[in-house]
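# Fold and contact review
Listed below, chain by chain, are the residues.
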Amino acid sequence: MSTAISAVDLTKEFASGRVKALNKLTLSIEPGEIFGIIGPNGAGKTTFMSCLLGALYPTSGTLLIDGKNPDDIEVHRWLGYLPERLEFTKWMTGMELMKFHAGLLNQPAKTPDTKIEQLLERVQLDRPAWTRKIKNYSRGMLQRVGMAQALLGEPRLLLLDEPSSGLDPVGVKLFQQLLREEKAKGTTIVINSHQLDQLEKICDRVAFIKSGIVQTLEVMKDTVARDGLLALKWSLEANEKVTSELVEKAVADAGATVQTFEFPTALVNISGEEMSARVISNLALAGVAPAQAFPNEGRLESIFLQSATSDSRGTP
Amino acid sequence: MNKTIMLMTLKQFLNRPVRIFVLVACAGLPLMMSFMTRQVSRADSLNDTAALEFTNMFVWVIAAGVIGQDVSDGILPLVFSRPVKRYEYVISKWITVSLIASVCAIIMAAVNTALYFGFTPQFFEHFKIIIIGSQSFVMAMGLSAVMVLLSALLPGAADVGVVALLSTIAYILMIMQSSLHVPGMGEVSKNIFNVFYPKFMLEDINTFRDLFTYEVGRYFVITTGCITGAIAILNQKEFSYGSD
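Residues numbered from 1 in each chain as written. Chains lettered and ligands numbered in written order. Predicted model: local features only at pLDDT ≥ 70, side-chain atom pairs only at ≥ 80, totals over all residues.

## Structural notes on the overall build of chain A
How we decide: Working definition: helices are DSSP H or I runs of at least four residues, strands are E runs of at least two. Numbering for both runs from the N terminus. Exposure is read from a count of other C-beta atoms within 10 Å of each residue's own; the residue is exposed at 12 or fewer, buried at 20 or more and partly exposed in between. C-beta atoms are placed from the backbone. Residue pairs are scored as contacts if the distance between their C-beta atoms, which are placed from the backbone, is within 7 Å.
For chain A, the helix and strand inventory stands at 11 helices and 13 strands. The dimensions of chain A, computed from C-alpha atoms along their principal axes, are 70 × 50 × 35 Å. Counting over 316 residues, chain A shows a buried share of 43%. Taking all contacts inside chain A whose residues are at least 6 apart in sequence as the whole, residues at least 24 apart take part in 70%.

## What about the overall build of chain B?
Using the following cut-off: What the globule rule says is 2.2 Å times the number of residues to the power 0.38, and the radius of gyration is computed from C-alpha atoms.
Along chain B, the regular secondary structure elements total 11 helices and 0 strands. Of the regular secondary structure in chain B, the N- to C-terminal order runs α-α-α-α-α-α-α-α-α-α-α. The C-alpha atoms of chain B give a radius of gyration of 20 Å, which matches the 18 Å a tight globule of 244 residues would have. Counting only C-alpha atoms, chain B reaches 70 × 50 × 40 Å along its principal axes.

## Describing the interface of chain A and chain B
What counts, and what does not: Think of it as three bins: nonpolar holds Ala, Val, Leu, Ile, Met, Phe, Trp, Tyr, Cys and Pro, charged holds Asp, Glu, Lys and Arg, and polar takes everything else, Gly as well.
Listed as interface residues are 30 residues of chain A and, on the opposing side, 22 residues of chain B. Going through the elements one at a time, α1 (45-53), α2 (73-77), β5 (79-82) and α3 (94-104) of chain A are the ones with two or more residues in the side of chain A that touches chain B. Taken together, the residues of the side of chain A that touches chain B sort by class into 14 nonpolar, 10 polar and 6 charged.

## What to know about helix α4 (residues 113-122) of chain A
Residue and element names in this part refer to chain A. The condition that has to hold: Here the arc refers to the directions that run from the helix axis out to each C-beta atom.
When α4 is considered as a whole, its buried residues turn out to be I116, L119 and L120. Down the axis, α4 shows its buried residues gathered within 100° of arc, on one side only. Exposed side chains of α4 directed beyond 90 degrees from the buried face belong to T114, Q118 and E121. On the buried face of α4, the contacting elements are α3 and α5 (139-150).

## Some points on the confidence of the model for chain B
Residue and element names in this part refer to chain B. For clarity, the threshold we go by: Confidence of the predictor at the level of single residues is captured by pLDDT, which takes values from 0 to 100.
The predicted model of chain B averages 87 in pLDDT, with 95% of residues at 70 or higher. Within chain B, helix α7 (residues 121-126) has the poorest average pLDDT of any element, 76, and helix α11 (residues 214-236) the best, 94. Across the interfaces of the predicted complex, the ipTM metric reaches 0.85, alongside a pTM of 0.82.

## Observations regarding the nonpolar core
Rules: Here a nonpolar core is just a set of buried residues of the types Ala, Val, Leu, Ile, Met, Phe, Trp, Tyr and Cys, joined wherever their C-beta atoms sit within 7 Å.
With 130 residues, the main nonpolar core has L159(A), V59(B), A105(B) and V148(B) as its most contacted residues. By residue number, the principal contributor to this core is helix α8 (residues 129-153) of chain B, which donates 14 residues. Setting aside chain neighbours within four positions, we find V59(B) in contact with V97(B), A101(B), A140(B), L143(B), S144(B) and M147(B).

## Here we look at the sheet that holds strand β9 (residues 213-219) of chain A
Residues and elements named next belong to chain A. Selection criterion: When DSSP finds two or more bridges between a pair of strands, those strands are recorded as paired. Note on geometry: axes are C-alpha line fits, over the in-contact stretch for helices, and angles between N-to-C directions span 0 to 180 degrees.
Strands sit in the order β5-β6-β7-β3-β8-β9 across an open sheet of 6 strands; the sheet is mixed. The open sheet has two edge strands with one neighbour each: β5 and β9. The average angle at which neighbouring strand axes cross in this sheet is 15°, direction not considered. Inspection of the sheet shows strand β3 (residues 34-38) paired to strand β8 (residues 205-210) by 4 bridges, in the parallel sense. The residue bridging I38 from the neighbouring strand is F208, located in β8. Sheet contacts for α5: β5 and β6 (157-161); angle to β5, the most-contacted strand, approximately 170°.

## Quick notes on the sheet that holds strand β2 (residues 19-29) of chain A
Residues and elements named next belong to chain A. The strand order across the open sheet formed by 3 strands is β2-β1-β4, and the pairing between neighbours is antiparallel. Two strands lie at the open edges of the sheet, namely β2 and β4 (60-65), each paired on one side alone. Each strand of the sheet is rotated relative to its neighbour by a mean of 25°, with strand direction disregarded. Alignment of strand β1 (residues 5-14) against β2, held across 7 bridges, turns out to be antiparallel. Residue I5 lies in a different strand from β2, and its bridge partner there is I29.

## Things to note about the packing of α8(B) against helix α9 (residues 158-180) of chain B
Residue and element names in this part refer to chain B. The criterion, for reference: Orientation labels follow simple angle bins: below 35 degrees gives roughly parallel, above 145 gives roughly antiparallel, 65 to 115 gives roughly perpendicular, and whatever is left gives oblique. Handedness of a crossing is defined here by the sense of rotation of the near helix relative to the far one, left-handed for an anticlockwise turn of less than a right angle and right-handed for a clockwise turn.
Running from N to C, α8 and α9 point in directions that differ by 125°, and their axes come no closer than 8 Å. Classed by the angle they form, the pair α8 and α9 counts as oblique. Considering the relative orientation of α8 and α9, their crossing is right-handed. Where α8 abuts α9, its residues V146, M147, L150 and S151 lie against D159, V162 and V163. Residue classes in the contact of α8 with α9 are distributed as 5 nonpolar, 1 polar and 1 charged.

## Brief notes about the environment of G287(A)
Residues and elements named next belong to chain A. In this structure, G287 sits in the loop between α10 (272-285) and β13 (292-295). G287 sits in the exposed class, given 11 other C-beta atoms within 10 Å. Between the alpha carbons of G287 and V8 there is a distance of 56 Å; along the sequence they are 279 residues apart.

## A word on the environment of N269(A)
Relative to the assigned elements, N269(A) resides in strand β12 (residues 265-271). When the C-alpha positions of N269(A) and Q259(A) are compared, they lie 6.3 Å apart, and in sequence the two are 10 residues distant.

## Focus on unusual backbone geometry
All names here are of chain A. P264 follows F263 through a cis peptide bond whose omega is 15°. Positive phi is not limited to glycine here, since D9 has a value of about 50°. With respect to the helices and strands, D9 occurs in strand β1. Residue D9 is classed as partly exposed on the basis of its C-beta count, with 14 C-beta atoms lying within 10 Å. Despite not being glycine, E162 has its phi angle at roughly 45°, a positive value.

## A look at α3(A)
Inspection of α3(A) places G94(A), L97(A), M98(A), F100(A), H101(A), A102(A) and L104(A) among the buried residues, and these make up the whole buried set. On its buried face, α3(A) is in contact with α4 and α5 of chain A together with α1 (3-14) and α5 (76-79) of chain B.

## Looking at the packing of α3(A) against α4(A)
Residues and elements named next belong to chain A. In contact at an axis separation of 11 Å, α3 and α4 are set at 120° when each is read in the N-to-C sense. One element, α3, and the other, α4, form an angle in the oblique class. In this structure, the crossing between α3 and α4 has a hand that is right-handed. Across the interface between the two elements, G94, M95, M98, K99 and A102 of α3 pack against I116, L119 and L120 of α4. The residue inventory of the contact of α3 with α4, partitioned by class, reads 6 nonpolar, 1 polar and 1 charged.

This is the structure:
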């Protein structure tokens, strides 16, 4: 499989080399992949996205998109981009913005109003908002029209910066669904986001960037099977039945260990989802089924926190 | 040239009510004064081609921040994420601003003539649409090329500030020459105007040979130099769309 995006020793310096936003970053993204980029503030994520967009020129190293330079006009014919700061031309209406971008794509004829309407409906932007000026849009509406313009021209590569920020839970679900649909079409999607729980649900791989280098690269299906914490919560009525001994035994039988128990909650160290299911099942068999069981901390979140507190070479 | 960018530039201007107000005031006040003078004394304070004198002012108002404002507003990363070449963007903006300024000059000339003659046969005799349209376009292309270059260099609408400042300096130098008789000041002033307001008069072009004069050469050198410079600056410009 050929590489959709390839960055080799990518370096970007600012202030005459005093600031290294990217420091020999090496990364490859496969076609049709949903790739997440996470990292603390100032890590170089936005600089990397700007280089992908051709808005910033690398100081050294190579960055290729389907074997072409990011500022190659050919790349921009099939690239969709949703910026973090939605600096759209605010005097336009949503519909005008869509037509403007269809015009910039040189395909107003191929993008009739019906196609634009379909896209606006797809992102569930309320119909009255289509003819309202963008300056009057809420953050969530801006995000929706931004996603609709990014999807214009059936892009092969989508660059999304904080796509779900400002969206309500329904909008978040919708965007996840849209991204899955785009992935099914073979679109490569790169997402820069701090919404780790959402990245966990949709990404194939996630890179943790810090100090301009890739510190860790996680394959999400492997990450899901990793160690984590399971939080259990019982209803207050079960006070008499749920004892420390019963819980510890049920947990131990599943191969896990209890980290803390203080009725009505317990934290259990687990390795993977199977173990998690066994713990819950054993507790139910012991007659102390928890009312709620959920991962105490997203697995990506624990990777983030672990990597963020280690030094730039990954040593804690 | 990119039709979509040209249309956006026009709509951008039409969505700036303050600028439209300034533009209408710039053209409306002298027209009103001229009209009132004619009512009182039958004297004509604005001649048939007076609108040409206002072309530079129209360019000032329309071209202010033509590129710098887009940079400051942060819309360019999204525009350039589309298959738009940066030179296309610069040239489209330049041509559109010049066209709008020329249309404003034509409208002003039409209103001036209509106020004097009404829509009579004399109107069509005195309304020199071709002369005004083509000469104002030449003038607008010159000044807007300078403003496009300054706008590519400076943020927001600072370009108009620089042109205004240099024009003021040139006027002061001109006054110094005429009232204080400081030698050489008039020449410096003239050169500043020649560089910042490049133009040549179409009425002086009667034969093909007339195209090869110093004035025409200077106009083309300044105009193409400014546009080439603006393209080079924009090609080098980096746009970061956010902060980590």
